[in-house]
Amino acid sequence: MDSLAALRRDVVSCRTCPRLVEWREQVGRDKRAAFADEDYWAKPVPGFGDPAAGLVVVGLAPAAHGANRTGRMFTGDRSGDFLYAALHRAGFANQPESVSIDDGLELTGAWVTAPVRCAPPANKPTTDERDACRPFLDRELALLRNAEVFLVLGGFAYQGLSSYLGIRPRPKFGHGVEVPAPEGRTVLCSYHVSQQNTFTGKLTPAMLDAVLARANEILAHGTGGRSANSPSLG
């Protein structure tokens, strides 16, 4: 039988895409000056969170000097600061900071992942690279058996998840869009938490808080998931 532990091993050891392998390892060697004394992870990044999660957050790909450095999704960069602070406010995280893999961050009722596991040049994976990584996401979502709400950060994640969930036709992506999926599940859309969006005000904390509040509302009244603020998860 498959397991999240087995999936993690397979993800971390993957060398399928030559362009991504070269880039992630080059970044790990060259480093950013601010992190010159650190050992970069420089490998594919597995998902992170609560295996019993009712909420699954799906991003894009690891950031070169964020998750590619720290080894944990959305950890060590401004995008992660924005996301985990929101998850903390919504009751899914025990702390707002996500600095390193050993910083004590724990998620309750939530899991964070991405359709591409290696940092891509210019933060732009190709469709071939996404498709090569697809089996990892398929296995992961199948193993997250309590997942009821999927929060997609950006159109790239929305496309990939819609394919997995069998959403046809696929409504147009937009912030706050809510899409019913088979088996009583729900997809919630948000602009990505990239600095390009958060620094310009395209995505504000209040906007992401509203989407997470809706996620909690669905989980509190759903059949398969559980609210992050439910006593059974406390």
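The text that follows walks through the structure, step by step, so that each part is easy to find. (Residues numbered from 1 in each chain as written. Predicted model: local features only at pLDDT ≥ 70, side-chain atom pairs only at ≥ 80, totals over all residues. Heavy atoms only, no water.)

Turning to the state of the cysteines, a few remarks are in order. Under the criterion given, the structure shown has zero disulfides. Summary of cysteine pairing: cysteine 14 is not part of a disulfide, and the nearest cysteine sulfur, belonging to cysteine 17, is at 6.3 Å. Note on cysteine 14: relative accessible area 18%, which makes it buried. With no disulfide of its own, cysteine 133 has cysteine 14 as its nearest cysteine by sulfur position, at a separation of 6.4 Å. By relative accessible area, which is 11% here, cysteine 133 ends up buried. (Disulfide = S-S within 2.5 Å. Buried < 20%, exposed > 50% of the residue type's maximum accessible area, 1.4 Å probe, protein only.)

Let us now look at the pattern of salt bridges. Within this structure, the stated rule accounts for 14 salt bridges. Residue aspartate 138 is joined to arginine 134 by a salt bridge in which the shortest nitrogen-to-oxygen separation is 2.5 Å. With aspartate 138 and arginine 134 both in helix H5 (residues 127-143) and four residues apart, this pair spans about one turn of that helix. Look at aspartate 138 and you get partly exposed, because its relative accessible area is 24%. (Salt bridge = Lys/Arg side-chain N within 4 Å of Asp/Glu carboxyl O. Helix = DSSP H or I, 4+ residues; strand = E, 2+ residues; numbered from the N terminus.)

In this structure the tally under the stated criterion is three aromatic pairs. On the basis of an interplanar angle of 45° and a centroid distance of 5.8 Å, the ring pair of tyrosine 158 and phenylalanine 173 is categorised as tilted. With a gap of 15 residues between them, tyrosine 158 in helix H6 (residues 155-165) and phenylalanine 173 in the loop between H6 and strand S5 (178-181) connect regions that are remote in the sequence. On the basis of relative accessibility, which here comes to 2%, the residue tyrosine 158 falls in the buried class. By relative accessible area, which is 22% here, phenylalanine 173 ends up partly exposed. (Phe/Tyr/Trp six-rings, centres within 6.5 Å; stacked < 30°, edge-to-face > 60°.)

This part takes up the sheet that holds strand S6 (residues 185-190). If you trace the six strands from one edge of the open sheet to the other, you get S1-S3-S2-S4-S6-S5, paired in mixed fashion. Each edge of the sheet is formed by a strand with only one pairing partner; in this case those strands are strand S1 (48-49) and S5. Looking at chain direction, S1 and strand S3 (residues 110-113) are connected through two bridges and run antiparallel. Note on S3: the bridge partner recorded for phenylalanine 48 is valine 112. Set on the sheet, helix H8 (residues 205-221) makes contact with strand S2 (55-58), strand S4 (149-153), S5 and S6; between it and S6 the angle comes to about 175°. (Pairing = 2+ DSSP bridges. Contact = heavy atoms within 4.5 Å. Axes fitted to C-alpha atoms, helices over the stretch in contact; angles between N-to-C directions.)

Take unusual backbone geometry next. In this chain, arginine 168 is followed by proline 169 through a cis amide linkage whose omega measures -10°. With respect to the secondary-structure elements, proline 169 resides in the loop between H6 and S5. Non-glycine residue alanine 42 carries a positive phi angle of around 55°. Look at alanine 42 and you get buried, because its relative accessible area is 12%. Phi at glutamate 183 is positive, roughly 65°, even though this residue is not glycine. Locating glutamate 183 in the fold gives a position in the loop between S5 and S6. For glutamate 183, a relative accessible area of 71% puts it in the exposed group.

The biggest cluster of nonpolar side chains holds 34 residues, and the ones touching the most others in it are Leu55 and Leu87. At the level of secondary structure, the elements contributing two or more residues to this core comprise S2, helix H4 (78-89), S3, S4 and H8. Tallying contributions element by element places H8 first for this core, with six residues. With sequence-adjacent residues up to four places away left out, leucine 87 is seen in contact with Leu55, Val57, Phe92, Ala93, Val112 and Leu212. (Core = buried A, V, L, I, M, F, W, Y, C linked by side-chain atoms within 4.5 Å.)

Turning our eyes to something else, we now look at the packing of helix H1 (residues 4-12) against H5. Contact geometry for H1 and H5: axes closest at 10 Å, N-to-C directions at 165°. On the basis of the axis angle, H1 is roughly antiparallel to H5. The interaxial crossing formed by H1 with H5 has left-handed handedness. On H5, the residues touching Leu4, Ala6, Leu7, Asp10 and Val11 of H1 are Phe136, Arg139, Glu140 and Leu143. (Parallel < 35°, antiparallel > 145°, perpendicular 65-115°, else oblique. Left-handed = near helix turned anticlockwise from the far one by under 90°.)

Shape is all these values report; function is a separate question.
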